[in-house]
Amino acid sequence: MSADRKLCMIPGPIEFHEDVLASMATPATSHVDPLFVPIFGESIEMVRQVVLSEKAQPFITSGSGTLGWDMMVNLLEAGDEVLVISTGYFGDHFAECLEVYGAKITNLSAPIGGHPSNEEIKAAVSAKKYKMVTVTHVDTSTGVLSDIKSVAEIVKSVSPETLVVVDGVCSVGSEEIRFDQWNLDIVISGSQKGLGVPPGLSIVIASPQAIEVFKNRKTPVPSYYSNWGKWLPIMNAYESRKPAYFATPAVQLIYALHTSLKQIIAGGVEARFAKHHQVASDFRKTIKDLGLKQVAQSEKDSANGMTAIWLPEGVTLPQLVPALAGKGVQIAGGIFQGRATEYFRIGHMGISVMDDQRQHIQKLKDALTNSLTELGYKA
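Right, let's walk through the structure included here. Counting restarts for each chain: residues are numbered from 1 in the order of the written sequence. Residue-level local features of this predicted model are given only where pLDDT is at least 70; pairs of side-chain atoms are given and counted only at 80 or more, and the full residue set underlies all totals for whole chains, interfaces and linings. The side-chain values count all of the structure's non-hydrogen atoms but skip hydrogen atoms and water molecules.

## Focus on the sheet that holds strand S3 (residues 81-86)
Part 1 of the argument: At least two DSSP bridges between two strands are required for those strands to pair. Secondary structure elements follow DSSP: runs of H or I no shorter than four residues count as helices, runs of E no shorter than two count as strands, and numbering proceeds from the N terminus. If you walk across this open sheet you meet the seven strands as S2-S10-S9-S8-S5-S3-S4, and the pairing is mixed. Looking at the sheet topology across the chains shown, the edges are occupied by strand S2 (57-62) and strand S4 (104-109). Taking the axes of each pair of neighbouring strands and ignoring which way they run, one obtains an average angle of 20 degrees across the sheet.
Part 2 of the argument: Note on contacts: a residue pair qualifies if any of its non-hydrogen atoms lie within 4.5 Å across the two residues. Convention adopted: a line fitted to C-alpha atoms gives each axis, helices being fitted over their contacting stretch, and angles between N-to-C directions are expressed from 0 to 180 degrees. Each of S2 and strand S10 (201-206) touches helix H2 (residues 37-50); the most contacted strand, S2, lies at about 125 degrees to it.
Part 3 of the argument: Set on the sheet, helix H8 (residues 228-239) makes contact with S2, strand S9 (186-190) and S10; between it and S2 the angle comes to about 105 degrees.

Spelled out as structure tokens, the structure:
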């Protein structure tokens, strides 16, 4: 690895497999070319497999994961009540996005590193009828893992009509998600994290219930590009191996997604869940052995694809980040409002986890340990 090519160990974008990058080097190809149509169609089908669903409808469009927030405009109408379960920066900003479309937001949050209890969630959904309940599976700002299975069980037991919307941008491909079994309605993601594809694809997975809510809405969708009325026929056409057009898809990125999804499925989704959990647990042990504390308040609430870590006394971000960069490893600072300078974040997902021979995790551990020592920290 050259001195200026750092190992990207932030919580996304992650390191990309060489075959994924090679897939982006395909020559200019029409989005309706007979060679591309099945690539797009198979990608839609494989997204469904990654979240263990047989009946959900994936949407793969050009944009960041944040576009998935905007796509909730298809389900919301002005004045709809929404409960936002927030565990950090991204939960808070999801609420901000939904307010743009006229949602009436009720925020349910917890101190940094924690999450609302099941009892608090049940009390909230019992107190008012909500159109949807949103939850960030892994908030990238804190590394807190929410129990989306329990959230869905609670919401659906109280109000089966309420939609369970999961922000899975930092969880799809690295965390266990059982879309059908857990009765989820929406999972939002992006290409650049657990799915191991360069940034640029927004991925939204919708349940049949969510699609029915969209079809039965009383008012027009106040959006053009995000409108499922435009995109649903496109997704259906490509999955049926027929070309269709609304807006030009990111052809080369979809080739890359196709390659990465084939790798993920060939390796086994269950095995991928287990390996991410095992590597994350081992990494957190290293953090503990160094005398450091993670932001997430408990082991069971800790993400398997990333870790947020409080800076030790006497060490600052402007010292630590360049120290690791000088050893060829890129990490990230904090982004939680008011506490951003007090901690740092590390990603451990995708090929860095699944391919032991690359030694990415060991390089990260060595760079972190040596950098802290050089900065005068003693465990």
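## What to know about helix H10 (residues 269-289)
Part 1 of the argument: Here H10 is 21 residues long and its end C-alpha atoms lie 30 Å apart, about the 30 Å a rise of 1.5 Å per residue gives.
Part 2 of the argument: For H10, every residue scored as buried is listed here: Val269, Arg272, Phe273, Lys275, His276, Val279, Ala280, Phe283, Arg284, Thr286 and Ile287. Looking straight down H10, one finds that the buried residues subtend no more than 165 degrees of arc, so they occupy a single side. The outward face of H10, more than 90 degrees from its buried face, is lined by the exposed residues Lys285, Lys288 and Asp289.
Part 3 of the argument: Against the buried residues of H10 lie H2, helix H9 (251-267), strand S11 (306-310), strand S14 (343-347), helix H12 (351-354) and helix H13 (360-374).
Part 4 of the argument: A positive phi of about 80 degrees marks Gly291, the residue just after H10. Helices are assigned an expected span. That span is 1.5 Å times one less than the residue count. Summary of the burial criterion: residues with accessible area below 20% of their type's maximum are buried, those above 50% are exposed, and those between are partly exposed, where the area comes from a 1.4 Å probe applied to protein chains only. The directions from the helix axis to the C-beta atoms form the arc being described.

## Digging into helix H7 (residues 208-215)
Part 1 of the argument: Of all the positions in H7, only Ala210, Ile211 and Phe214 are classed as buried. Around the axis of H7, the buried residues are gathered within 100 degrees of arc, so they sit on the same side.
Part 2 of the argument: Buried residues in H7 make contact with S2, strand S8 (163-167), S9, S10 and H8.

## Quick notes on the sheet that holds S11
Part 1 of the argument: The sheet built from three strands is open, its strands ordered S11-S14-S13 with antiparallel pairing. Where the open sheet ends on each side, the last strands, each with one partner, are S11 and strand S13 (332-333).
Part 2 of the argument: Pairing geometry for S13 and S14, over two bridges, is antiparallel. The partner of Gly333 across the bridge, within S14, is Phe344.

## A closer look at the environment of Asp355
Part 1 of the argument: Tracing the backbone shows Asp355 in the loop between H12 and H13.
Part 2 of the argument: Given the relative accessible area of 26%, Asp355 is considered partly exposed.
Part 3 of the argument: Sequence spacing of Asp355 and Tyr101 is 254 residues, and the spatial spacing of their C-alpha atoms is 43 Å.
Part 4 of the argument: For Asp355, the side chain forms a polar contact with the side chain of Arg358, separated by 3.0 Å. The definition of a polar contact used here is a pair of N or O atoms within 3.5 Å, where within protein one atom must be able to donate a hydrogen and the other to accept one, and adjacent residues in sequence count solely through side-chain atom pairs.

## A few points about the packing of H10 against H13
Part 1 of the argument: It is at 11 Å that the axes of H10 and H13 come closest, and there the two elements cross at 15 degrees. One finds that H10 runs roughly parallel with respect to H13. Here H10 runs over H13; the crossing is right-handed. For the pair formed by H10 and H13, the contact residues are Val279, Asp282, Phe283, Thr286 and Ile287 on the first element and Ile361, Leu364, Lys365 and Leu368 on the second.
Part 2 of the argument: For this classification, Asp, Glu, Lys and Arg are treated as charged, while Ala, Val, Leu, Ile, Met, Phe, Trp, Tyr, Cys and Pro are nonpolar and the rest, including Gly, are polar. Residues that form the contact of H10 with H13 fall into these classes: six nonpolar, one polar and two charged. For this classification, under 35 degrees means roughly parallel, over 145 means roughly antiparallel, 65 to 115 means roughly perpendicular, and everything else is oblique. In this scheme the crossing of two helices becomes right-handed for a clockwise turn of the near helix relative to the far one and left-handed for an anticlockwise turn of less than a right angle.

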